[in-house]
Amino acid sequence: MGATQHLDVRREGATLMLTLNRPEAKNALSLPMLVGLYDGWLEADEDDGIRSIVLTGAGGTFCAGMDLKALAGQGMDGQQYRDRMKADPDLHWKAMLRHHRPRKPVIAAVEGHCVAGGTEILQGTDVRIAGESATFGLFEVRRGLFPIGGSTVRLPRQIPRTHALEMLLTGRPYTAGEAERIGLIGRVVPDGTALERALEVAELINANGPLAVEAVKASVYECAELTEAQGLKVELERGWPIFDTADAKEGSRAFAEKRPPVYRRM
């Protein structure tokens with residue numbers, strides 16, 4: 001726990017909070033940040049005491065994308081991070097949630113800029129809450145680049161294709177209101193309150209049976225590209241074992257006894 005270079009990591013009860021912390025650079029992604037993010041996802045996967053993850057940014061902004069200069073890792077301070085990236089050439093994609101999906105729900109609390117790589121990471125999160133002045137967009141084509149963080153695949157599966165193509169092909173910025181209307185984010189809240197609202201959602205998730213929560217998330221993503229018949233089969237495979245857990249019995253018992261349940265991941 002604690003701060004790593006360019007990323008703050010701390011616990012709020014059963015929630016792991018990852019805060020991008022380069023406000024002077026609008027939290028643009030650096031090598032230390034990418035390594036820290038990947039380590040955070042792994043920590044959440046491996047620690048049964050963590051039931052949800054909140055991803056946010058410091059200084060009133062979320063993430064302005066990749067910092068190409070910082071990614072060069074200039075100077076001796078960057079050697080340890082370059083070594084990590086060399087050992088795992090896929091690490092940056094895992095950090096950006098392109099090649100890794102955490103078992104625990106990930107809630108994005110967005111303020112300010114959430115553009116380019118910021119919008120790409122956003123597509124790997126599960127619940128998305130944004131301040132009313134937040135800005136979204138995939139600007140790569142404006143610079144003659146390609147949004148290779150997964151957007152040409154994931155975005156048309158998450159929002160209507162016509163909206164996805166407009167965002168991808170125009171490279172224009174989107175307001176929080178527009179992002180909510182097309183389904184990129186779930187809720188717009190007053191500026192400065194996105195993190196508070198995200199933590200409230202995390203607490204609601206944390207109060208639920210963790211085995212059930214993780215199975216529900218896994219089922220939703222696993223079934224997303226299946227036919228209805230295939231998906232219903234997978235849902236039974238994921239869902240039926242949950243009914244045999246001690247947590248399921250505890251949930252029913254607590255309801256009957258009119259008390260909060262005490263779940264033990266059993």
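Just above, that's the structure.
About the cut-offs
- Residues numbered from 1 in each chain as written.
- Predicted model: local features only at pLDDT ≥ 70, side-chain atom pairs only at ≥ 80, totals over all residues.
- Heavy atoms only, no water.
- Helix = DSSP H or I, 4+ residues; strand = E, 2+ residues; numbered from the N terminus.
- Rg over C-alpha atoms; globule rule 2.2 N^0.38 Å.
- Buried < 20%, exposed > 50% of the residue type's maximum accessible area, 1.4 Å probe, protein only.
- Areas by Shrake-Rupley, 256 points an atom, 1.4 Å probe, with all protein chains shown as cover.
- Contact = heavy atoms within 4.5 Å.
- Pairing = 2+ DSSP bridges.
- Right-handed = clockwise from strand over helix to strand, strands pointing away.
- Axes fitted to C-alpha atoms, helices over the stretch in contact; angles between N-to-C directions.
- Parallel < 35°, antiparallel > 145°, perpendicular 65-115°, else oblique.
- Nonpolar A, V, L, I, M, F, W, Y, C, P; charged D, E, K, R; others polar.
- Salt bridge = Lys/Arg side-chain N within 4 Å of Asp/Glu carboxyl O.
- 1 Å grid on protein atoms, 1.4 Å probe; cavity = no way out; pocket = protein on both sides within 12 Å on 5 of 7 lines; lining within 4 Å.
- Points joined across faces, edges and corners; volume = space filled by probe spheres on them.

**Topic: the overall build of the chain**
Okay, so step 1: Check the secondary structure of the chain and you find 12 helices and 10 strands.
Okay, so step 2: The C-alpha atoms of the chain give a radius of gyration of 19 Å, which matches the 18 Å a tight globule of 266 residues would have.
Okay, so step 3: Reported as C-alpha extents along the three principal axes, the dimensions of the chain are approximately 60 × 45 × 40 Å.
Okay, so step 4: Across the 266 residues that make up the chain, the buried fraction comes to 48%.
Okay, so step 5: Only carbon and sulfur atoms are counted for the fraction: they give 56% of the accessible area of the chain, which is about 13,200 Å².

**Regarding the side chain of Thr119**
Okay, so step 1: On the secondary structure map, Thr119 appears in helix 5 (residues 117-122).
Okay, so step 2: Those residues in contact with Thr119, other than ones at most four positions away along the chain, are Cys114, Phe136, Gly137, Leu138 and Leu184.

**Considering the sheet that holds strand 8 (residues 135-137)**
Okay, so step 1: Within the open sheet, the 3 strands sit side by side as 6-8-9. Their pairing is mixed. Edge positions in the sheet fall to strand 6 (113-115) and strand 9 (174-175), since each of these pairs with one other strand and no more.
Okay, so step 2: For strand 8 and strand 9, the ladder comprises 2 bridges, and the chain directions are antiparallel. The partner of Thr135 across the bridge, within strand 9, is Thr175.

**Points about the pairing of strand 4 (residues 52-57)**
Within a regular strand, side chains alternate between the sheet's two faces.
Okay, so step 1: For strand 4, the buried fraction is high: 6 of the 6 residues fall into the buried class.
Okay, so step 2: Burial along strand 4 is two-sided: Ser52, Val54 and Thr56 facing one way and Ile53, Leu55 and Gly57 facing the other are all buried.
Okay, so step 3: Looking at chain direction, strand 3 (residues 15-20) and strand 4 are connected through 6 bridges and run parallel. Residue pairing in the sheet places Leu16 in a bridge with Ile53 of strand 4.
Okay, so step 4: In this fold, the crossover linking strand 3 to strand 4 by way of helix 1 (residues 31-46) has right-handed handedness.

**Some points on the packing of helix 10 (residues 210-223) against helix 11 (residues 228-243)**
Each pair of packed helices can be summarised by the angle the axes make with each other and by the distance between the axes.
Okay, so step 1: Packing of helix 10 against helix 11 leaves a shortest axis separation of 10 Å and a crossing angle of 170 degrees. In terms of axis orientation, helix 10 runs roughly antiparallel to helix 11. Judged by residue contacts, Leu211, Ala212, Ala215, Ala218, Ser219, Glu222 and Cys223 of helix 10 engage Gly231, Val234, Glu235, Arg238 and Ile242 from helix 11.
Okay, so step 2: Taken together, the residues of the contact of helix 10 with helix 11 break down into 7 nonpolar, 2 polar and 3 charged.

**Some details on the pattern of salt bridges**
Okay, so step 1: In the structure shown here, the tally under the stated rule is 19 salt bridges.
Okay, so step 2: Residues Arg11 and Asp47 are paired through a salt bridge, measuring 3.1 Å at the closest nitrogen-oxygen approach. With a gap of 36 residues between them, Arg11 in strand 2 (residues 7-12) and Asp47 in the loop between helix 1 and strand 4 connect regions that are remote in the sequence.
Okay, so step 3: Given the relative accessible area of 26%, Asp47 is considered partly exposed.
Okay, so step 4: The shortest N-O distance in the salt bridge between Asp88 and Lys94 comes to 3.0 Å.
Okay, so step 5: Given the relative accessible area of 18%, Asp88 is considered buried.
Okay, so step 6: Look at Lys94 and you get buried, because its relative accessible area is 19%.
Okay, so step 7: When salt bridges with common partners are traced through the structure, they connect Asp48, Arg103, Glu214 and Arg265 into a single cluster.

**Quick look at the layout of surface pockets**
Okay, so step 1: Its boundaries defined by the atoms lining it, the largest pocket holds a volume of some 490 Å³.
Okay, so step 2: Of all the secondary structure elements, the ones that give two or more residues to the lining of the largest pocket are helix 6 (151-158) and helix 10.
Okay, so step 3: At 4 residues, the largest contribution of residues to the lining of the largest pocket is made by helix 6.
Okay, so step 4: Of the residues in the lining of the largest pocket, the class split is 6 nonpolar, 6 polar and 7 charged.
Okay, so step 5: What the second largest pocket holds in volume is close to 320 Å³.
Okay, so step 6: Surrounding the second largest pocket, 17 residues form its lining, Met66, Leu68, Glu140, Leu145 and Phe146 being those nearest its centre.

**Observations concerning empty space enclosed by the protein**
Okay, so step 1: Here the structure, examined in full by the defined rule, presents 1 cavity of 30 Å³ or more.
Okay, so step 2: At 3 residues, the largest contribution of residues to the lining of the largest cavity is made by helix 10.
Okay, so step 3: Classifying every residue of the lining of the largest cavity by side-chain character gives 3 nonpolar, 1 polar and 3 charged.

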